[in-house]
Amino acid sequence: MTEPADTPDAPAPDPADARVAERLVPFWLEEAARYDAPAAEEARRGWEQGRLSPDAARELADWVTARVTDTGFNEDEGPTPDGPARIGVADKAAVHRWLAAQGYDI
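The structure presented is a predicted model; accordingly, all values stated were derived computationally and were not measured.

Colleague: Mind laying out helix α1 (residues 15–35), listing which residues take part and the relevant values?
Modeller: Note on helix geometry: an α-helix contains 3.6 residues per turn, so any two residues three or four positions apart are oriented the same way. Helix length check: α1 (21 residues) gives 30 Å between terminal C-alpha atoms against 30 Å at 1.5 Å per residue, within 8%. The axis of α1 is deflected most strongly, by about 30°, at Leu-24, and proline Pro-26 appears within four residues downstream. Those residues of α1 that fall on the buried side of the exposure criterion are Asp-17, Val-20, Ala-21, Leu-24, Val-25, Trp-28, Leu-29 and Glu-31. The secondary structure elements touched by the buried residues of α1 are α2 (37–48), α3 (54–66) and α4 (89–101). Residue Asp-14 occupies the N-cap position of α1, its side-chain oxygen lying 2.8 Å from the main-chain nitrogen of Ala-16.

Listed below in structure tokens is the structure:
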């Protein structure tokens, strides 16, 4: 992921994607704080100001990808989804689109 770009060809923000990001970012920040409190606090400040750093945006994209829990597995095929938020493939795509609309190349 690179620095956000102010390019005219960036996708237009979608309010539905923003709602997904608003639902999931608090869970990401909570988890991040357990592992790297200073980085999580910096990301939280950026989020509250409406702008993530390139590193924080990359971490969010990676986190939402790794946390997809709605995979269609049943109990015999895979693990039971665990965690405070259910994250589906559509949620992951929405967060990635939202980041792209912010100008991040993910």
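Next comes the rest of the write-up.
Colleague: How would you sum up the packing of α3 against α4? Please name residues and give values.
Modeller: Running from N to C, α3 and α4 cross one another at 165°; their axes reach a closest spacing of 9 Å. By the angle between their axes, α3 is roughly antiparallel relative to α4. Seen from above, α3 lies across α4 with left-handed handedness. Facing α3, whose interface residues are Ala-57, Leu-60, Ala-61, Val-64 and Thr-65, α4 presents Asp-91, Lys-92, Val-95, His-96, Trp-98 and Leu-99. A class-by-class count of the residues in the contact of α3 with α4 yields seven nonpolar, two polar and two charged.

Colleague: I'd like a rundown of α3, residues and numbers included.
Modeller: Helix length check: α3, at 13 residues, gives a terminal C-alpha distance of 18 Å against a target of 18 Å (1.5 Å per residue), a fit within 8%. Every buried residue of α3 is listed here: Ala-56, Ala-57, Leu-60, Ala-61, Trp-63 and Val-64. Down the axis of α3, the smallest arc covering the buried residues is 165°, so these residues share one side. Its buried side turned inward, α3 meets α1, α2 and α4.

The rules behind the values
Residues numbered from 1 in each chain as written. Predicted model: local features only at pLDDT ≥ 70, side-chain atom pairs only at ≥ 80, totals over all residues. Heavy atoms only, no water. Helix = DSSP H or I, 4+ residues; strand = E, 2+ residues; numbered from the N terminus. Expected span 1.5 Å × (residues − 1). Bend = angle between axes of the 7 residues up to and from the residue. Buried < 20%, exposed > 50% of the residue type's maximum accessible area, 1.4 Å probe, protein only. Contact = heavy atoms within 4.5 Å. Polar contact = N/O pair within 3.5 Å; in protein donor to acceptor, adjacent residues only side chain to side chain. Axes fitted to C-alpha atoms, helices over the stretch in contact; angles between N-to-C directions. Parallel < 35°, antiparallel > 145°, perpendicular 65-115°, else oblique. Left-handed = near helix turned anticlockwise from the far one by under 90°. Nonpolar A, V, L, I, M, F, W, Y, C, P; charged D, E, K, R; others polar. Arc of directions from axis to C-beta.

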